[in-house]
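Listed below are the residues making up each chain.
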Amino acid sequence: MVPCANLIGFAGQELSRKLPHMLGILIETTTLVGTGELTEELLAERTTSLSRIIAILLLVSYVVFIFFQTQSHHSIYDNVFEHDEGRDEDGHKDIHKDKLTLTECIIALAISVALVTFIAIALVNEIHHVVTEQGVSDPFMGLILVPLVEKAAEHLTAIDEAWDNQINFALSHCIGSTIQTAMLNAPLVVIVGWGLNLPMDFSFEIFDIAMLIISIITVGNFLRDQKSDYLEGFLCVIVYVAIAVAAAFYPNPPEVTQAHH
């Protein structure tokens, strides 16, 4: 009983501390409970309306977060990152490497954005075919394959920084992209869908929410002592593989199954 109580207490603490940016998703999930008296059309309409309101709130929160990080309290982050830079053993080599000019940076960014846009469009167009025709489960596609491809560059960067003992830089890349997805990308999809008169919402599967909570509790538990080692890293990889296996065997939503038949 005591370990269970400790786990519940820790889980509550971690959720209250780390889930504010996922508030919209959790509200959507809990709102769907106890709505048996609503018709399917009315429920979908209310879910879409609520999602749009939550999307606006998340976008405002993201703007405040960016202002906090870059303007009002940027010195906190500067001190942490400067400390990490001093721990980079081969940092002196990077200083002497050739740097791009401003014009070259703008051109490189423009080309990169254009290529990424075309690749993203091709990827999105193939998702339905892969899920319905190739037998890949929808949760595995959404939780594992697409994020793995989308964040490949950030994953490699985080691994390189962790290898150089720059753990704060590594965490900032991982957590920063997660916050951006939850507080900017997802709400932006809902807002754009609203403008295009498409019913985009935050109504996710319970499986997705459960995997999110498990991930937060696991990683939060490893980071409690502000230390890490190869064992904790290995266990994180095992948890990721376990989630991937669960997602691969999780059945597709009814609408996806019907589309296949």
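The paragraphs below set out a description of the structure included in this document. (Residues numbered from 1 in each chain as written. Predicted model: local features only at pLDDT ≥ 70, side-chain atom pairs only at ≥ 80, totals over all residues. Heavy atoms only, no water.)

Moving on, we get to the overall build of the chain. Secondary structure assignment for the chain yields 12 helices and zero strands. Of the regular secondary structure in the chain, the N- to C-terminal order runs α-α-α-α-α-α-α-α-α-α-α-α. Classification of the 261 residues of the chain by burial places 23% in the buried group. Taking all contacts inside the chain whose residues are at least 6 apart in sequence as the whole, residues at least 24 apart take part in 71%. (Helix = DSSP H or I, 4+ residues; strand = E, 2+ residues; numbered from the N terminus. Buried < 20%, exposed > 50% of the residue type's maximum accessible area, 1.4 Å probe, protein only. Contact = heavy atoms within 4.5 Å.)

To continue, consider the environment of Ala248. With respect to the helices, strands and loops of the structure, Ala248 is situated in helix α11 (residues 230-249). Beyond its immediate stretch of four places on either side in the chain, Ala248 contacts Ser137 and Phe140.

Okay, the packing of aromatic side chains next. Applying the stated criterion to the full structure yields two aromatic pairs. With centroids separated by 6.3 Å and ring planes inclined at 35 degrees, the aromatic side chains of Tyr62 and Phe65 adopt a geometry described as tilted. With a gap of three residues between them, Tyr62 and Phe65 both fall in helix α3 (residues 40-72), about one helical turn apart. (Phe/Tyr/Trp six-rings, centres within 6.5 Å; stacked < 30°, edge-to-face > 60°.)

Remark: helix α7 (residues 138-150) packs on α11, axes separated minimally by 7 Å, with the N-to-C direction vectors making an angle of 135 degrees. In terms of orientation, α7 lies oblique with respect to α11. Crossing hand, α7 versus α11: left-handed. Packed against α7, whose contacting residues are Pro139, Phe140, Leu143, Ile144 and Leu148, the element α11 presents Tyr240, Ala244, Ala247 and Ala248 at the interface. Considering only residue class, the contact of α7 with α11 consists of nine nonpolar, no polar and no charged. (Axes fitted to C-alpha atoms, helices over the stretch in contact; angles between N-to-C directions. Parallel < 35°, antiparallel > 145°, perpendicular 65-115°, else oblique. Left-handed = near helix turned anticlockwise from the far one by under 90°. Nonpolar A, V, L, I, M, F, W, Y, C, P; charged D, E, K, R; others polar.)

With respect to the helices, strands and loops of the structure, Thr157 is situated in helix α8 (residues 152-163). Separated by 12 residues in the primary sequence, Thr157 and Phe169 place their C-alpha atoms 9.2 Å from one another.

Time to look at the side chain of Arg52. Tracing the sequence through the fold places Arg52 in helix α3. Despite its burial, Arg52 pairs with no opposite charge; the closest candidate is Glu45, at 8.2 Å N-O. Ignoring anything within four residues of it in the chain, the contact list for Arg52 reads Val190, Ile191, Trp194 and Leu198. (Lys, Arg positive; Asp, Glu negative; His and termini not counted. Salt bridge = Lys/Arg side-chain N within 4 Å of Asp/Glu carboxyl O.)

Take helix α9 (residues 167-195) next. Residues that lie three or four places apart on an α-helix share one face, since the helix turns once every 3.6 residues. Spanning 29 residues, α9 covers 41 Å between terminal C-alpha atoms, matching the ideal 42 Å at 1.5 Å per step. Where α9 bends most, the angle comes to about 40 degrees, and this point is Thr181. Phe169, Ala170, Ser177, Ile179, Ala182, Met183, Pro187, Val190 and Gly193 are the residues of α9 that are buried. Asn197 sits one or two positions beyond α9 and adopts a positive phi of about 60 degrees. (Expected span 1.5 Å × (residues − 1). Bend = angle between axes of the 7 residues up to and from the residue.)

The next point concerns helix α10 (residues 206-222). For α10, with 17 residues, the first-to-last C-alpha span of 25 Å sits near the 24 Å given by 1.5 Å per residue. When we look at burial in α10, the residues that qualify are Phe207, Ile209, Met211, Ile216, Ile217, Thr218, Gly220 and Phe222.

What follows deals with the environment of Ala182. Here Ala182 lies in helix α9. Its relative accessible area of 12% is what places Ala182 among the buried residues. Measuring from C-alpha to C-alpha, the distance between Ala182 and Ala55 comes to 9.8 Å, with 127 residues separating the pair along the chain.

Core analysis: the biggest nonpolar cluster contains 11 residues, these being Val131, Val136, Phe140, Met141, Ile144, Val146, Phe207, Met211, Ile243, Ala244 and Ala247. Secondary structure elements with two or more residues in this core: α7, α10 and α11. If you tally residues by element for this core, the top one is α7, at four residues. In contact with Ile144, not counting residues within four places along its chain, are Pro139, Tyr240 and Ala244. (Core = buried A, V, L, I, M, F, W, Y, C linked by side-chain atoms within 4.5 Å.)

This part is about a nonpolar patch on the surface. On the surface, Leu123, Leu148, Val149, Val237, Tyr240, Val241, Val245 and Phe249 cluster together into a nonpolar patch covering about 740 Å² of accessible area. Of all elements in the fold, only α7 and α11 reach the threshold of two or more residues within the nonpolar patch. No other element matches the five residues that α11 contributes to the nonpolar patch. Tracing the backbone through its elements, the reader meets Val245 in helix α11. (Patch = residues over 30% accessible without salt bridge, like charges linked within 9 Å, V, L, I, M, F, W, Y side chains within 5 Å. Areas by Shrake-Rupley, 256 points an atom, 1.4 Å probe, with all protein chains shown as cover.)

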